[in-house]
Amino acid sequence: MAESVPTMDNSDEEFYDVPDSFLELYRGEGEKTPPASQTDYAPSPGQVAALNAESKASQSVTGKSDKYINNTVIIMKKHVGNYKCIVCTEPNPPVQISVYQVSSESLSLRWDTPAGEVESYVTLSTDTNKLTLSHLKPGVCYSLLVSTQLRNGRIRKPAVTSALTKTYLESFMENIGLEQLYPEKLSKSTILQIGKKTITDEPPKCNADLPWYFLKKLMMVNVKARNVKCTSACESNDDDTLSDLDNLDNLGNSINSGDRLNPLDIITALFLCSDGFVRQELALKMSMCQFSVPLLLPNCDTKQCTLMLWAMRDIVKKYRPQSLTESKGFIEERIVLSEFPLISFVRLGECSLSKSEILNKLLSNSQQYNDTFVHHDMECGDSPRRISNGLVEISWYLPCGNKNMDVFSEPVAVANLRGDIASFQTQFSFLCQTSAAVFVFFDTLDSECELLTNQQHKTQIFLVGNHQSKRSSIDTLKKKATKLGLTKYILLLKTKRMNDADFVQTMRKKVSNVVENSKMKMRIEQMADIAHELGILVDEESSECQTAKKNADAITTEIQDILQYKEAELPLQGQIWKELTRLEKEECRFRNVGSKNIEDYKSDLLLEKTQLRKEQNSHDISNAMTCFINAISSPEIERCYFLKWMRMNLDNVSREKLSDLRERYKEKCKNPENKEEIKDIDRQLSNSSLGIEHFFREMGQIYEASLSLPETEPSRKQLQHLPKLCAQLLLDGLPLELVDGEASNIPLRWISDVLSQLNDLMSPQNKILVVTVLGVQSTGKSTLLNTMFGVQFAVSSGRCTRGAFMLLIRINEDIKKELNCDFMVIIDTEGLKSPELAQLDNSHEHDNELATLVVGLSDVTIINIAMENSTEMKDILQIVVHAFLRMKEVGKKPKCQFVHQNVSDVSAHEKNLRDRKLLMQQLNEMTQAAAKMEKKEENKNFTDVMEYSPDTGNCYIPGLWNGNPPMAPVNAGYSEAVYELKKNIIHVLGSCESSAYDILEFTKWMKSLWNAVKHENFIFSFRNSLVADAYMKLCSEFNKWEWEFRQLMYTWVTDAETRIRNFGTVAGKSEISDMSECVKQLKSEASTILSEWETKLLENLARYFKQTEGHVYLVEEYKEVFKSSAKSFRRQMQSSVFNQLTAAADIRNGMTELERIKENHTKELEGRVHALIEECQKKNIQMTEKELDEEFDKMWTETEKELSFKEMKFDDIYNSVTHQLREDVLHKGSHASKLLNKNRLQDCGLDPFIYTAKGFLKRCQDTWSKVFNVQSHTTAVQHFADCIIDHCKQLISDKMQRQNNYHDTYIQEILKVIDERLQNNQDVQTDIKFEVSLKQYICGFAATQFQKMHEDYIQANDPSRCLNQNKEKFRTDFKDVFHDRDQCQKKAEEFTRCCLKPAVEDFVYRSLGPDIIGEMLTNEQFSTRMSFQYSVLLDLLRKDVFKNYRSYICFYEVYVKKWILNKIVERFSEESTMFEFEDRHVQSSIRIINAAVNKAKTEKSANLESFVKNVCQELGDKLVISQDALGAFMILNNADQEQFAHWLTECVKDMAQDLQEEFNETDILMKLKDLRVKPQNELFTKLIGCGKQCPFCAAPCEAGGQEHSEHFASLHRSTALGQYRCSLSQILITDICSSLVITPDRTFRCDATNWEIHHFKDYKAIFPDWKIPPDGSLEASDYWKYVLAKFNNKFAKAFKAEPADIPEMWEMITPQQAEESLKESFNIK
């Protein structure tokens, strides 16, 4: 953009003045005064108006203006000295003048048309308000003036402003879209981030695409990176080449056009825009491609150049000079530290020889040609250079030790100066002072050759001329050389008889001679001093870089012996850390527990760990670590420089040490007797690696050790910032060591806290996807990742990756939505089958652990296969398949890509079809083997474990190098194949069904994986909080859907029962007259609703599992369980609904006859009363109240005698129940029926049920159980029976409270419950005798209760009793009619009190139950079984009362029922929620009643009776109005219909208030007792689940769904709480079953094992439906440890045993720690 210059005072810019004659044009007639001062007309910022007087300016004019005829004059002033301005007093100038385009050589401006009319102007003019000026000078500030000429000839005064033209560099940067990144603003994170452009093959379409295209190719080490040109240019040239002969001239012009950009300009621009770390990346990748690298980087604006010392520091080269050919040794060192002779090539004037092409041929042998330097015949190499003139490039020739292939036997550096040395004397002087020889290419020798003689240098100069050029001859050259004093220089001429090959060979000999004989060798590092002398900048002179270097040197210069240094300065990661690792794994495996008590052993391990942490804390932080931590705490740039210096310094130290060790190793190996010394050197080779990861590892151990200190300890507080510091480094692109490669362990607390801090830094953009690589050591895994993602995992010699490292790559915005993540995590791992580890016994275990971890962490795993050894390949595949199988079993579904390296044939994919089939066969074999080991033998094929296609899951990659190193570039085919692999991986990640982790979820998953990996049985041991979260969410969602379903059916059943109870009454609306038809219709309606909701439930489930959020894929295995649960729930609901409908209908049918009798009696009595009234009125005397009472009593007695009251018969419920029981056991066989005949039902259920073992075997089992201190069979069966009896008694009690008549469905329901309990019980063996006796006992008890309920019901509905109940009401009505009193208000009150109020109250109590349940379910503690268990246990801990703990342990169901009831009471006693529910239902009823009354009013009923019937009929859908009360109300009713309706409305209002007062006064417990649906029972049934308890410690099952096939509990407890004790001492045993199941030799015996000994670790064979994983940590079971430790004596007394021997560490557990362990076990955040 334009830069407006408000003032030019004291400016150093060059300006041109305007001719004085020009000023005359601005003076009016008679004006003699000079122009005003400049300050009056300073140009305003952003506005440019302007013009040039002398003009080479070209005009670009568009548009016409009617007001102007050649009227705008433009004058441009280029000032020298002070700023000048031309001022005129009148008339006004043009307004709103602005510059809208500025380049280095042109600018465009426009202005608004001024008012008035003008004629013309005699100088540079235009008739529009736009103008473009070209052929300007770059970087110059121009004053711009605009004026207009009026028609009267006068000229308006000019508007003045200024504009600064862009420099050549600025224009070029703008042209290629890098203006925003100049200077040095391009960072590493920018070039590494993954975006659309990095994974699409779209070629560059404009110049702004070229730098990014080059970077993309270069970061993937593609040797075609410099082939950059726009597709539009390519296409036009391609079209031109097809032109006909008539267009040959145009063809030549288009081909040679300068529109395309020279690759050197792009490279120069990128180096100028890049920060120091990107420059290092660029130089390293260019070096790998065998491209030349910038040595001196020019800036065409400042004419300054910079030595690229820092940029080249990361380049490490390996070569074999002639001296090491025999020994086959090699040299590996940083190129800037290598002392090579430098041979420079420059150009003087014009030269017909292509210097760069000659150089490329000079450095290439016949078998291997490299375009090291860009030359004229390369793509775009002929394009004119715009900013790269003055660039000095450097490359190296490094021998491989083969005389037949080496061009030079010794290493040599080659420099190439771009441009004429006459224009770049500083660069030439630099090369002359640093080079062993300088080859000067020329065509002619002229006066500029003085440059050669003026140089103060000792270098040897060769003049290289082209005799084939017409511009020179040998004689002429000799004369000029003599004249100019150049005779001492060697002259090389390419003669006409000499071809390129001969000429190159000649030059090669000269160079070889220089290399062999020259003593002028210089390190690039040393060249910095010469650069300073010549005024050349050095790129590492910044204060940040130098301070960082000083800090790094202060640490690394102290390193003499690496092993001793590590012991002295990095002590915490040595033997102490390895011992901690051993203890951590022993905590999970108990391999050395022997005969010790497990909990004592665990306590001892914990004490050992505590001691080791104390030992770590006893070490002061070393000087090296203090310096290191201080240095990485410095500002970001300095910190990055420090880490780079550290890495380079440490690599240098390690490389030197390894080189010496290798030499010693070779010497010792010559003598076979040096076995011990060879072994020692081998150990040193393994341990001599020292990198920055060791310092971060030490930092992690310092941090972890500090966490064992008290929180108030100052030293702990001082170290709390370390995780955040490391997190920032990870965000900056530094790899983080995930797995310590030496200890084979993850410092979980350190890594977790670092990742937690990383999450804070990244939030909310914290979603990640993970790519990992697995393969054999030294097969190019790190190189593959480096090439694919442009990163820099260590690949140098002797530095094979150990452990696993993770690195973050940012995802660009344009692809975030597709990948649904913000960052990609790349994990590089150590090689499997490592030779260093192969000697160890547990090397296979180590490989399995690592493979399981990285496969488990990854979304895509790259399996790198680069071997011919089929045995080794099988081993690798077995490890990999094992890992994938484990992941499948725990719910993770990573994708995999098999990468076959060193396969280069184009037909590889087809040729390897047979190999792929073989690979598939091997994968299947490995799957079967792994499945057998993991006891998951249902997995037969690899495709059973994961989605894999042999055609798309394999990638073939050619070899890395194109030729023989060290002069071989990276194979283009390698880069392209890796690029295709990268695209495929990104596509796979984008199509993943699973959701991306956030950092915290990744951390949880990693911790769970590693904890499981440390156990021997991974699948069995895996406990993951993410899986628990996902399972909890699934349960919670399913429970919500299930409750919606259940709630709807509660409401529907309530309405259906209302319709049945109103059937055949005045309130009945049904058109069907037959009750059976009505029930059939209702059942059909229920089936439809149930089917719809079952479908909805299954659809919800399917939809839930399709979502990508919430890690649903982790619980995919439970999908079928919940589908089965949905179907089972539907079946249960249908059975329950049908039973309720049948029972309601049968009870209603039973009432019909009674109601008919009562109705007839009422009508008869009504007639008698009317007759009595008439008789009394005929007497025509005033009768007293006493006389009326006497007459009424007389009439009542006579009527009662005359009415026929049949004696009410009671049914024999015992017979009905017996019949149902016989039907139930009929299919059990004749033996069951015989057992049933032994006892009368009337004699059963009276005394407590007691089970006694029968038979010798059972008695023996009981005896054994006492000996071995396990629960006896008799005790277990008795407890089981007691639970069933308690549950059935609760069901019976609920039925009794309804005060209905008995129905067979009641006992059928109870028998069904017993069958379900017996069927679900697998832990206690029972026989048919037990089943029959239990059913007889429960049915006997039920029959007794139901007999009483039936008799109470019959008595309550006895017609005689009902009639007498209404006697006083009849008496009152009789008197009212006799005295002709107004009954409206009274009857309205009676109707409300006797008919409506009971109906509304009944409706409220029928509706409140589901409301209360729904409200309780909104509470988290009732949402799932796990949340419920957590809440109960937390409540126990908060109260911390022994009695509660004992009740929970010994009487679990009783305690839990009471706890739920208390929570309901607590919830609804204190808050207004119950009032809201009650009021809602009351108000709903009031609205219905008022609506019914209003509707009845409009129907103009014939009398009050029909009016009331109409009202009742409207209420029939919701309210059940007592027919007895309604019948009594109708008798002797002479109220006025209208008045009755009025008073009824008023009474209903009062009724609402009365009901609310009654509800408020009623205790919550009384309300719960009267509810139709009991919330406490429903919640208990819902939350108790299957009711299963752990076979070892009785912890309740928490699995969701009704049809789950596997039981689990989040928290197991000590067997002491299950009353297990030592047989001899009677001391309670502290072992916990979640620890016992991982012990190698602990056993148990019980009824389920037929009292045979069985190993705990194989418990699945006995209890296959139970999953008891080991605790996630030693602290996970602290809850029950705390409880037992605190109440040890009380439990012992209660269990009649001796107190347990409590481990020391248990005594130290606090209530807070117990609560934390509870949260950990139940995954509560």
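Quick caveat, the model's predicted, so the values are computed rather than measured.

A separate point is the pairing of strand S12 (residues 342-348). Along S12, seven of the seven residues are buried, which leaves the element largely enclosed by surrounding structure. Because side chains alternate across S12, one face comprises the buried residues Leu342, Ser344, Val346 and Leu348, and the other comprises Ile343, Phe345 and Arg347, equally buried. Bridge analysis of S12 against strand S14 (residues 412-420) gives five bridges, and the strand direction is parallel. In the strand pairing of S14, Leu342 is matched with Ala413. For S12 and strand S15 (residues 437-442), the ladder comprises six bridges, and the chain directions are parallel. Bridging across to S15, Ile343 finds its partner in Ala437.

Our focus in this paragraph is unusual backbone geometry. In this chain, Ser763 is followed by Pro764 through a cis amide linkage whose omega measures 0°. By secondary structure assignment, the location of Pro764 is in the loop between helix H26 (748-762) and strand S20 (767-775). The step from Pro965 to Pro966 runs through a cis peptide bond, and the omega angle for that step is 10°. Mapped onto the elements, Pro966 comes out in the loop between strand S25 (954-957) and helix H35 (972-990). With a phi close to 50°, Phe590 is a non-glycine residue in the positive phi region. Relative to the elements of secondary structure, Phe590 occurs in the loop between helix H18 (575-589) and helix H19 (598-618). One non-glycine residue, Ala1594, adopts positive backbone phi at about 70°. For Ala1594, the location among the structural elements is in the loop between helix H59 (1575-1584) and strand S27 (1607-1608). Given the relative accessible area of 26%, Ala1594 is considered partly exposed.

The next subject is the pairing of strand S9 (residues 304-307). Direction of pairing for strand S8 (residues 293-299) relative to S9: antiparallel, over a ladder of four bridges. Among the inter-strand pairings, Leu296 is bridged to a residue of S9, identified as Leu307. Connecting S8 to the next strand, S9, in antiparallel fashion are four residues, including Lys303 with a positive phi near 60°. Judged from the two bridges that link them, S9 and strand S18 (residues 537-538) form a sheet pairing that is parallel. Within S18, the residue paired with Thr306 across the bridge is Leu537.

Another aspect to go through is the environment of Leu1311. Relative to the assigned elements, Leu1311 resides in helix H46 (residues 1304-1320). A sequence separation of 87 residues divides Leu1311 from Asp1224, and the C-alpha atoms of the two residues are 7.5 Å apart. Dropping the residues within four chain positions of it, Leu1311 is found in contact with Gln1220, Leu1221, Asp1224, Lys1335 and Cys1339.

Assignment of secondary structure puts Asn370 in the loop between helix H10 (355-363) and strand S13 (392-397). Residues Asn370 and Val223 lie 147 residues apart in sequence; the distance between their C-alpha atoms is 9.6 Å. Polar side-chain contacts of Asn370 include one of 3.0 Å to the backbone oxygen of Met967.

With that settled, the discussion passes to the packing of aromatic side chains. All chains considered together, the criterion is met by 57 aromatic pairs. When the centroid spacing of 6.2 Å and the interplanar angle of 75° are considered together, the rings of Phe1249 and Phe1330 count as edge-to-face. On the criterion of sequence distance, the pair formed by Phe1249 in the loop between helix H43 (1230-1237) and helix H44 (1256-1267) and Phe1330 in helix H47 (residues 1328-1356) is long-range, its members being 81 residues apart. Taken as a pair, Phe1249 and Phe1330 share a single burial class, namely buried. The ring of Tyr979 carries the charged tip of Lys217 above its face, separated from the ring centre by 6.0 Å. Seen from the ring of Phe291, Arg226 lies directly overhead, with NZ or CZ sitting 3.8 Å from the centre.

So, about H35. Here H35 contains 19 residues, and its C-alpha end-to-end distance of 27 Å stays within 8% of the 27 Å for a straight helix at 1.5 Å per residue. Measuring from the backbone nitrogen of Gly973 back to the side-chain oxygen at the start of H35 gives 2.9 Å, which picks out Asn971 as the cap.

Time to look at the nonpolar core. Ranked by size, the top nonpolar core spans 268 residues in total, and within it Phe628 and Phe695 carry the most contacts. At 16 residues, helix H38 (residues 1025-1061) tops the list of elements feeding residues into this core. Ignoring sequence-local partners within four residues, the contact set of Phe695 consists of Ile555, Tyr565, Leu570, Ala624, Met625, Phe628, Met646, Leu650 and Leu690. Counting 154 residues, the second largest nonpolar core, distinct from the first, contains Val412, Met498, Ala528 and Phe793.

Two elements in contact, helix H55 (residues 1504-1515) and helix H57 (residues 1537-1561), have axes whose closest approach is 10 Å; the angle formed by their N-to-C orientations is 35°. Crossing hand, H55 versus H57: right-handed. For the pair formed by H55 and H57, the contact residues are Leu1504, Phe1507 and Val1508 on the first element and Gln1537, Phe1540 and Ala1541 on the second. By residue class, the composition of the contact of H55 with H57 is five nonpolar, one polar and no charged.

A few words on the packing of helix H2 (residues 168-175) against helix H7 (residues 263-273). At their nearest, the axes of H2 and H7 sit 11 Å apart, and the two run at 100° to each other. Viewed along their axes, H2 and H7 adopt a mutual orientation that is roughly perpendicular. In this structure, H2 uses Leu169, Phe172 and Met173 to contact H7, whose residues at the interface are Asp265, Ile266, Ala269, Leu272 and Cys273. Residues belonging to the contact of H2 with H7 are distributed by class as follows: seven nonpolar, no polar and one charged.

With 81% of its residues at a pLDDT of 70 or more, the chain has an overall mean of 80. Below pLDDT 50 for its whole length, residues 236-248 participates in six contacts with residues either more than four positions away or in separate chains. Here residues 1266-1270 scores under 50 on pLDDT; set against residues more than four positions off or in separate chains, the count is 11 contacts.

Reading the values: rules and limits
Counting from 1, residues in each chain are numbered in the order their sequence is written. At least 70 in pLDDT is required for a residue's local features to be given in this predicted model, at least 80 for side-chain atom pairs to be given and counted, and no such filter applies to totals for whole chains, interfaces and linings, which use all residues. Values shown for side chains rest on all heavy atoms present in the structure; no hydrogens or waters enter the calculation. Here the term buried applies to any residue with accessible area under 20% of the maximum for its type, exposed to any over 50%, and partly exposed to those in between, with areas from a 1.4 Å probe on protein chains only. Numbering of helices and strands starts at the N terminus; helices are DSSP runs of H or I of at least 4 residues and strands are runs of E of at least 2. In this description, strands pair whenever DSSP reports at least two bridges between them. What makes two residues a contact is simply this: any of their non-hydrogen atoms within 4.5 Å. Whenever a nitrogen or oxygen atom comes within 3.5 Å of another N or O atom, the pair is scored as a polar contact, on the condition that within protein one atom can donate a hydrogen and the other can accept it, and that pairs from neighbouring residues in sequence are kept only if both atoms are in side chains. Aromatic pairs are defined between Phe, Tyr and Trp rings, using the six-membered ring for Trp, whenever the two ring centres lie within 6.5 Å; interplanar angles under 30 degrees are classed as stacked, those over 60 as edge-to-face, and all others as tilted. Consider the ring centre and the ring normal. A charge sits over the ring if Lys NZ or Arg CZ is within 6 Å of that centre and within 35 degrees of that normal. Helix span is expected to be 1.5 Å times the residue number reduced by one. In plain words, nonpolar cores are sets of buried Ala, Val, Leu, Ile, Met, Phe, Trp, Tyr and Cys residues tied together by side-chain atoms within 4.5 Å. What counts as an axis is a line fitted to C-alpha atoms, over the stretch in contact for a helix, and the angles between N-to-C directions run from 0 to 180 degrees. Put simply, a crossing is left-handed when the front helix is turned counterclockwise from the back one by less than a right angle, and right-handed when it is turned clockwise. Nonpolar residues are Ala, Val, Leu, Ile, Met, Phe, Trp, Tyr, Cys and Pro. Charged residues are Asp, Glu, Lys and Arg, and all others, Gly as well, are polar. Should an angle fall under 35 degrees it is called roughly parallel, over 145 degrees roughly antiparallel, and 65 to 115 degrees roughly perpendicular, with every other angle called oblique. Known as pLDDT, the predictor's per-residue confidence is scaled from 0 to 100.

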